[in-house]
Amino acid sequence: MSERCGLVAIVGAPNAGKSTLVNALVGQKVAIVSPKAQTTRTRIMGIAIEGEAQILLLDTPGIFEPKRRLDRAMVAAAWGGATEADLIALIIDAETGFSRRIEAMVEQIKGRREAKILVLNKVDLVKKESLLALATQLGERLEFEEVYFVSASTGDGVPELKRALAARVPEGPWHFPPDQVSDATDRMLAAEVTREQLYLQLHAELPYESAIQTEKFEERKDGSVAIHQQILIGRDSQKAIVLGKGGTRIRAIGEAARKELGELLGRKVHLFLHVKVNPKWEEDRGLYRDIGLDWVE
């Protein structure tokens, strides 16, 4: 049996469960997951193996109406991921159902040459009749090659989807070693893990306008790594929120991120965090490069 390898663009609205699905298909965490919408900012590739097939999964930022430069860069990354794919998988939150946003997204991918499949996610939260009605409604607007019903969080339907993706990617040599699960650099991964903790621990307290910049990533002689990061925020009033009383919040964020990074990188991590107020951080071209986004005028 010959090797297969291909690119699958995972597109959908914010909070459709794209990152959770990519992690489930890969079999371990490669993309950050948060209840906060628009968590994924850059394109991160998860690498899944199924038999002789290597499936390159592009977890794209959620497609939404861009208002700021960062938003425009994220949407450009999402569609950029779809331009080079062998297959487009449209992920729909079955619980949220059909909306004008979904309709606009369907219209945008309708004319694309790639094969398209529909994946209805979070099916464990929806009645079967509603799922079938939603699939029919979407099928009337775009002829999908196949429709899959999954719950990325419970794993239901994920093995079947993975086998289907493996069968659909073209024949060809693998692009990555069999033990590699993502194309993200350790530096980018470090920033993403800290950003996830920022979201998880601060919830609605901290607005979406925040970013993590990895300033230094130093290999030490003892095999450990020292990582220095800036938490960038837009206003002075947000600094106290991130620091917490007596610095308790930032220590908790740092401790959780350090522990997870140690497990992901397989070595001891020394993590140093500090908060920087910069109202114009979204205008920093270097930051866009660091988080893997193209500068968009």
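Rules used in this analysis
- Residues numbered from 1 in each chain as written.
- Predicted model: local features only at pLDDT ≥ 70, side-chain atom pairs only at ≥ 80, totals over all residues.
- Heavy atoms only, no water.
- Helix = DSSP H or I, 4+ residues; strand = E, 2+ residues; numbered from the N terminus.
- Contact = heavy atoms within 4.5 Å.
- Areas by Shrake-Rupley, 256 points an atom, 1.4 Å probe, with all protein chains shown as cover.
- Buried < 20%, exposed > 50% of the residue type's maximum accessible area, 1.4 Å probe, protein only.
- Pairing = 2+ DSSP bridges.
- Right-handed = clockwise from strand over helix to strand, strands pointing away.
- Salt bridge = Lys/Arg side-chain N within 4 Å of Asp/Glu carboxyl O.
- Axes fitted to C-alpha atoms, helices over the stretch in contact; angles between N-to-C directions.

Novice: Help me out: how do you make sense of the overall build of the chain in this one?
Specialist: A count of helices and strands for the chain gives nine helices and nine strands. Look at the contacts in the chain between residues 6 or more apart in sequence, and 73% of them connect residues 24 or more apart. Carbon and sulfur atoms make up 50% of the accessible area of the chain, which totals about 13800 Å².

Novice: Even after reading the chapter, I still don't get the pairing of strand β4 (residues 87–93), so can you show me in this structure?
Specialist: Here is the key point about a regular strand: its side chains alternate between the two faces of the sheet. Counting buried residues along β4, seven of its seven residues qualify, which places the element largely inside the surrounding structure. Side chains Leu87, Ala89, Ile91 and Asp93 project from β4 onto one buried face, and the interleaved Ile88, Leu90 and Ile92 project onto a second face that is buried too. Sheet analysis places β4 next to strand β5 (residues 115–121), joined by seven bridges and oriented parallel. Residue pairing in the sheet places Leu90 in a bridge with Leu118 of β5. In terms of handedness, the path from β4 via helix α3 (residues 100–110) over to β5 forms a crossover that is right-handed.

Novice: What am I meant to see in the pattern of salt bridges here?
Specialist: If charged atoms from side chains of opposite charge come close, those side chains can pair. Counted under the stated rule, the structure contains ten salt bridges. Taking the shortest distance from any N to any O, the salt bridge between Arg168 and Glu145 comes out at 3.1 Å. Linking Arg168 in helix α5 (residues 158–168) with Glu145 in the loop between α4 (128–141) and β6 (146–149), this pair joins segments that are 23 residues apart in sequence. Among the ionic pairs, Glu192 bridges to Arg195, the shortest N-O distance being 2.8 Å. Pair noted here: Glu192 and Arg195 are both in helix α6 (residues 186–202), with a separation of three residues, about one helical turn. The pair formed by Glu192 and Arg195 is uniform in burial state, with each residue classed as buried.

Novice: I'm lost on the sheet that holds strand β9 (residues 269–277) in this one. Help?
Specialist: Strand pairing in a sheet relies on backbone hydrogen bonds. The paired strands run either parallel or antiparallel. A sheet is described by the order of its strands in space; here three strands give the open sequence β7-β8-β9, paired in mixed fashion. Either end of the sheet is taken by a strand with one partner, and the two such strands are β7 (210–219) and β9. Each strand of the sheet is rotated relative to its neighbour by a mean of 20°, with strand direction disregarded. Where β7 meets strand β8 (residues 225–233), nine bridges bridge the pair, whose relative direction is antiparallel. Considered in β8, the bridge of Gln213 is made with Gln230. Lying over the sheet, α6 contacts β7, β8 and β9, oriented at roughly 140° with respect to β7. Each of β7, β8 and β9 touches helix α8 (residues 248–265); the most contacted strand, β9, lies at about 140° to it.

Novice: Looking at this model, I keep getting lost on the pairing of β8. Mind explaining?
Specialist: Among the nine residues of β8, eight are classified as buried, and the element is accordingly described as predominantly covered. Sheet analysis places β8 next to β9, joined by nine bridges and oriented parallel. Bridge pairing in β9 links Val225 to Val269.

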